[in-house]
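Report on the structure
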Amino acid sequence: MLDRRAFVATGLGIMGSLALAGCGGGGGTSTGSSPSNDAKGKVYYLNFKPEQDAQWQELAEAYTEETGVPVTVKTAASGEYETTLKAEMAKSKAPTLFQVNGPVGLASWKDYCYDLDDADILKTLTSDSFALKGDDGKVKSVAYVIETYGLIYNKELLSKAGYEQKDITNFASLKAAVEDITSRKDELGFSAFTSCGMDSSSDWRFKTHLANLPIYYEYKADGISTTDAIKGTYLPQYRQIWELYINNSTCEPGVISTKTADDATAEFITGKACFYQNGTWEYANIAEIGDDNLGMLPIYIGAEGEDAQGLCTGSENYWCVNNKASEDDIKATLDFINWCVTSDAGTKAMCGAAGAMPSGADGMGFVIPFEGNLESENKLNQIADEYVADGKTPVDWCFSTMPSEEWKNGVGSALTTFASDQSDANWDAVKTAFVDGWATEAAATK
């Protein structure tokens, strides 16, 4: 599993010792060789991240202007990447660059993945743990961004309610603070949590990211890193954190199917809710409340030892080069991704925040697992590194081992039904989707 400890240990986090200019700073010599201007190939990138579409479009144009190599970027809609990838791969002009979300995704697309062992991009990779290997032992994909999520909170609102971060160290103390806020929400003027939207723009926060916690603790207890038969040991803890969310938010539990990611973001930045489960990628959308006002807590579910727990850190963004593409297109694609993580323009665009794009627009704000990573201006990334520096243990992104999108959808549907009627019978349906659904989907992928 990828974790921020390995990343910070290499000196690439905010606490690291690389003497690099800030992301918005001046120029310098590229750490990578420039692509050949007489390259014959072209690049077609199927991008996973809708929130970075504008930046990838601009970066593609900048690369073409510099090298003459045509780069096309198509961005899949939120929650539709796998469907879009299948459709695009069936075309005669298929993507030359695509991504998988981890070991399960790689298993599905391994026959399309070019061997990267000799690729230049691996020369500046900070750890082998950021590369995924196939059954033949060869590197098939490489992570291009390390991200973190947890309970983002508004410090001003938390203080108004009479609490500080130090008061919340486990599920019991989180529950006490949250339910106190709910009991006084009319007086305080805000709710505890933003809405738990279960439409396709938002449900991944709960059927994937929140579901990661019971999986992580089960794997940890059993000493494993993947399984074809999840036991659901920590589903009682999953239930209690889900109930805490839906019963202490800005909306009634029965209407969460109509709520969206935009709703939750708007509720947070307008001060209607104190807590917002999301990640470092959301920084640009919530930065207007001010860096001094942003905090982030671990997602506590009531597991033993969680007081030593940090934030959830890892990646589900692994680049793969299509081995079915022409030799020229493969070379062009390898040159492009290496340029993205080694050149001044590429690293500034990927790592930078305000004004980091060639046009002066905001950059992607990524933490990248390469030597060219720049100090992050993203406050949430800085908070993540502080947890590591304080000795907290990051929670691995075990959701990359979830057997399929169908499994996630089954869990999400059951969670939505349970929200409307929080009965034991409806929670049994969540357990069935989680445990039986896992076994079914894992078997189907074999």
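What you see is a predicted model, and the numbers here were worked out from it, not measured in a lab. Within any chain, residue numbers begin from 1 and follow the written order of that chain's sequence. Residues qualify for local features only when their pLDDT is at least 70, as the model is predicted, and side-chain atom pairs are given and counted only at 80 or more; totals for whole chains, interfaces and linings, by contrast, use all residues. Values reported for side chains reflect all heavy atoms of the structure, with hydrogen atoms and water molecules removed beforehand.

**Describing the pairing of strand β11 (residues 318–321)**
The alternating pattern of β11 places Tyr318 and Cys320 on one face and Trp319 and Val321 on the opposite face, and all of these are buried. Two strands form a pair only when DSSP identifies at least two bridges running between them. Secondary structure elements are taken from DSSP: a helix is a run of H or I of four residues or more, a strand is a run of E of two residues or more, and numbering for both begins at the N terminus. Bridging between strand β3 (residues 97–100) and β11 involves four bridges; their strand directions are antiparallel. Residue pairing for β11: Leu97 is matched across the bridge by Val321. A 1.4 Å probe rolled over the protein chains alone gives each residue an accessible area, and that area as a share of the maximum for its type sets the label: buried under 20%, exposed over 50%, partly exposed in between.

**So, the nonpolar core**
Proteins that are soluble and globular tend to have nonpolar side chains buried together. Residues belong to one nonpolar core when they are buried, are Ala, Val, Leu, Ile, Met, Phe, Trp, Tyr or Cys, and are joined through side-chain atoms within 4.5 Å. Counting residues in hydrophobic clusters, the biggest one holds 77 residues, and the most contacted among them are Tyr238, Ile241, Trp242, Tyr245 and Phe275. If one sorts the elements of this core by residue count, helix α10 (residues 235–246) sits on top with seven residues. Two residues qualify as a contact provided that any one of their heavy atoms is within 4.5 Å of a heavy atom in the partner residue. Residues in contact with Phe275, not counting those within four places in the same chain, are Ile152, Tyr153, Leu158, Ile168, Leu174, Val178, Ile181, Ala192, Phe193, Thr194, Phe268 and Leu297. Listed in part, the 59 residues of the second largest apolar core include Met89, Phe98, Leu116 and Phe370.

**Some thoughts on the environment of Met89**
Structurally, Met89 can be placed in helix α3 (residues 81–89). Looking at Met89, the relative accessible area reads 11%, which means it is buried. Taking C-alpha positions, Met89 is 9.2 Å from Asn322, a pair spaced 233 residues apart along the chain. In contact with Met89, not counting residues within four places along its chain, are Ala94, Pro95, Phe98, Trp109, Tyr112 and Asn322.

**Quick word on the packing of helix α16 (residues 405–420) against helix α17 (residues 424–444)**
Across the interface, α16 lies against α17 with an axial gap of 8 Å and an inter-helix angle of 175°. Relative to α17, the element α16 lies roughly antiparallel. Across the interface between the two elements, Glu406, Trp407, Gly410, Val411, Ala414, Leu415, Thr417 and Phe418 of α16 pack against Asn426, Trp427, Ala429, Val430, Ala433, Phe434, Gly437, Trp438 and Glu441 of α17. For this scheme, ten residues count as nonpolar: Ala, Val, Leu, Ile, Met, Phe, Trp, Tyr, Cys and Pro. Four count as charged, namely Asp, Glu, Lys and Arg, and the remainder, Gly too, count as polar. Of the residues in the contact of α16 with α17, the class split is eleven nonpolar, four polar and two charged. The axes used here are C-alpha line fits, helices contributing only the stretch in contact, and every angle between their N-to-C directions lies in the interval 0 to 180 degrees. With respect to orientation, any angle under 35 degrees is reported as roughly parallel, any angle over 145 as roughly antiparallel, any angle of 65 to 115 as roughly perpendicular, and every other angle as oblique.

**With respect to the environment of Thr258**
Relative to the helices and strands, Thr258 is located in the loop between α10 and α11 (261–269). As a C-alpha pair, Thr258 and Gly68 span 190 residues in sequence and 46 Å in three-dimensional space. Each polar contact in these results corresponds to two N or O atoms within 3.5 Å; when the atoms are within protein, one needs to be able to donate a hydrogen and the other to accept it, and residues that are neighboring in sequence are counted only if both atoms are side-chain atoms. Within the structure, the side chain of Thr258 is placed 2.7 Å from the backbone oxygen of Val255, a separation counted as a polar contact.

**So, the packing of aromatic side chains**
What describes a pair of aromatic rings is the distance from one ring centre to the other and the angle between the planes of the rings. When the centres of two rings from Phe, Tyr and Trp lie within 6.5 Å, Trp using its six-membered ring, the rings pair. Their planes under 30 degrees apart give stacked, over 60 give edge-to-face, and anything left gives tilted. Evaluated as defined, the whole model comprises 30 aromatic pairs. When the ring of Tyr45 is compared with that of Trp56, the centres are 5.2 Å apart and the planes differ by 80°; the resulting orientation is edge-to-face. In this pair, Tyr45 is assigned in strand β1 (residues 43–47) and Trp56 in helix α2 (residues 53–67), connecting sequence segments eleven residues apart. Assigned by exposure class, Tyr45 and Trp56 land together as buried. Ring geometry for Trp281 versus Trp397: centroids 6.5 Å apart, planes at 85°, classification edge-to-face. Of the two residues, Trp281 sits in the loop between β8 (273–279) and α12 (283–286) while Trp397 sits in the loop between β12 (393–396) and α16, which places them 116 residues apart along the sequence. Judged by relative accessible area, Trp281 falls into the buried class, the value being 14%. On the accessibility criterion, Trp397 (2% relative accessible area) is buried. Three or more aromatic residues link up through ring pairs in this structure, and these residues are Tyr153, Phe193, Phe206, Trp242, Tyr245 and Phe275. Across the ring face of Tyr112, the terminal group of Lys324 is positioned such that the distance to the ring centre comes to 5.5 Å. Only Lys NZ and Arg CZ are tested; either one counts as a charge over a ring when it is within 6 Å of the ring centre and within 35 degrees of the ring normal.

**As for the packing of helix α13 (residues 327–342) against helix α14 (residues 344–351)**
Look at α13 against α14: their axes get within 5 Å of each other, and the N-to-C directions meet at 70°. Taken as axis vectors, α13 and α14 run roughly perpendicular relative to one another. Contacts between α13 and α14 involve Trp339, Cys340, Val341 and Thr342 on the former and, on the latter, Asp344, Ala345, Gly346, Thr347 and Met350. When grouped by side-chain class, the residues that make up the contact of α13 with α14 number five nonpolar, three polar and one charged.

**A short note on the pairing of strand β5 (residues 139–143)**
In terms of burial, β5 is largely enclosed, as five of its five residues are buried. Linkage of strand β4 (residues 131–133) to β5, two consecutive antiparallel strands, is achieved through a turn of five residues, within which Gly137 is found at a positive phi near 85°. Here β5 pairs with β11 via two bridges, running antiparallel. By the bridge assignment for β11, Val142 is matched with Trp319.

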